[in-house]
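So the chains spell out like this:
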Amino acid sequence: MSLATIDTAFPRTSAVSPVSPIRAAAPAEAAPAPAAAESAPRIRAVPEGTEARGFVLYVGIDEAKAAEAGTDLGRIVEALKRLTAEIAPSAETYAAVALAPAGAGGRDVDVVRLALQDPAAIAKHRHAVTVDEDEDRAASGVVVDISRKRLVLDNQTVALTYKEFELLQYLVLREGRTIERSELISSLWSAADEDEIPNERTIDVHVRRLRAKLGRYEDIVRTVRGVGYRFDRHADVSIRYASAPSPDLF
């Protein structure tokens, strides 16, 4: 199974010259032939042996923009479902909402297409990833790649444990804010974890191990004495945010 696109561009009609004022006693003229009916939108790139079974309409709008318009995502979905039922009562509908980390950036509609596995969006994203890898090889410094859960130091990928990266990511996403040890424990560990839930002293051990792997860049994770830790951006640190979240359902 695959996707095709719908060509909504209609053929242009021929230009019409300006109409001159009507003069008295003008001889009657034959009625003009009716213009050719505009062709309906056509589906492009349909391979032989396949048939159209439905369509996807990607709608890019976040909750804040919906609120500014006096609505919300749920109401928009319900309105589109009702419209579909009015136009084609036998049609079945299914809606999903694309989720992205706060501050991830990018166009809303691109996030939606990528989250819902649109082939063209995936191909574009893979190309961007290739470009990013080329940039990794060409640049030095620290790259915290949240989209792929990896840390790159001076063009070399650093092997972090899952919890080490979770700890670094938590601090990075709260740049400039001091995070208490108790908050790190409650946010990154739960009773369901296989690892034993640490106390505040063992948080210091986790941070010390993370700093050891950061090497000469260890000072990007700062200790705030008597409080906790914070991440401060440096000129040689770049962050790549996730842009392909899993969809949730209405």
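Above: the structure in question.
What counts as what
Residues numbered from 1 in each chain as written. Predicted model: local features only at pLDDT ≥ 70, side-chain atom pairs only at ≥ 80, totals over all residues. Heavy atoms only, no water. Helix = DSSP H or I, 4+ residues; strand = E, 2+ residues; numbered from the N terminus. Buried < 20%, exposed > 50% of the residue type's maximum accessible area, 1.4 Å probe, protein only. Contact = heavy atoms within 4.5 Å. Areas by Shrake-Rupley, 256 points an atom, 1.4 Å probe, with all protein chains shown as cover. Patch = residues over 30% accessible without salt bridge, like charges linked within 9 Å, V, L, I, M, F, W, Y side chains within 5 Å. Salt bridge = Lys/Arg side-chain N within 4 Å of Asp/Glu carboxyl O. Pairing = 2+ DSSP bridges. Core = buried A, V, L, I, M, F, W, Y, C linked by side-chain atoms within 4.5 Å. Arc of directions from axis to C-beta. Phe/Tyr/Trp six-rings, centres within 6.5 Å; stacked < 30°, edge-to-face > 60°. Lys NZ or Arg CZ within 6 Å of the ring centre and 35° of its normal.

Draft legend 1. Structural view of the overall build of the protein. Looking only at helices and strands, the protein has seven helices and 11 strands in total. Put simply, the protein has 250 residues, and 26% of those count as buried. Pairs at least 24 residues apart make up 55% of the contacts formed inside the protein by residues separated by at least 6 positions. When the accessible surface of the protein is summed, it comes to about 18,000 Å², and 53% of that surface belongs to carbon and sulfur atoms.

Draft legend 2. Main features of a nonpolar patch on the surface. On the surface, F55, L57, V59, L80, L83 and I87 cluster together to form a nonpolar patch covering roughly 630 Å² of accessible area. Secondary-structure assignment places L57 in the loop between β2 (42-44) and α1 (63-68).

Draft legend 3. View of the sheet that holds strand β9 (residues 228-231). In space, the three strands of this open sheet follow the order β7-β9-β8, with antiparallel pairing throughout. Strands at the two margins of the open sheet, each flanked by one partner only, are β7 (179-180) and β8 (221-224). Sheet topology note: the β7/β9 ladder contains two bridges and is antiparallel. Its bridge partner being in β9, I179 is matched across the sheet by Y229.

Draft legend 4. Structural context of the nonpolar core. V142, V144, L151, L168, L171, L184 and V221 are the most contacted members of the largest nonpolar core, which totals 29 residues. Secondary-structure elements contributing two or more residues to this core are β4 (142-145), β5 (150-153), α5 (162-172), α6 (181-188), α7 (200-214), β9 and β10 (237-240). Those residues in contact with L171 that sit more than four places away from it in its chain are I179, L184, V221, Y229, R230 and F231.

Draft legend 5. Just the pattern of salt bridges, in detail. By the definition in use, this model includes 11 salt bridges. Between K65 and D108 there is a salt bridge, with the nearest N and O atoms lying 2.8 Å from each other. Note that K65 is positioned in helix α1 and D108 in helix α3 (residues 108-115), a separation of 43 residues in sequence. What makes K65 partly exposed here is its relative accessible area of 44%. Between D154 and R216 there is a salt bridge whose closest N-O contact spans 3.1 Å. Here D154 is found in the loop between β5 and β6 (156-158), whereas its partner R216 is found in the loop between α7 and β8, with 62 residues between them in sequence. A single salt-bridge network, built from bridges that share partners, covers D145, R148 and R150.

Draft legend 6. Region of interest: α3. Buried within α3 we find D108, V111, V112, L114 and A115. Seen along its axis, α3 keeps its buried residues to an arc of 165 degrees; they face one direction. Of the residues one or two after α3, Q117 is the one with positive phi, at around 65 degrees.

Draft legend 7. View of the packing of aromatic side chains. Throughout the structure, instances matching the rule amount to zero aromatic pairs. Positioned over the ring face of W189 is K163, at 4.8 Å from the centre of the ring. For R174, the ring lying beneath its charged end belongs to Y170, and the centroid distance is 3.6 Å.

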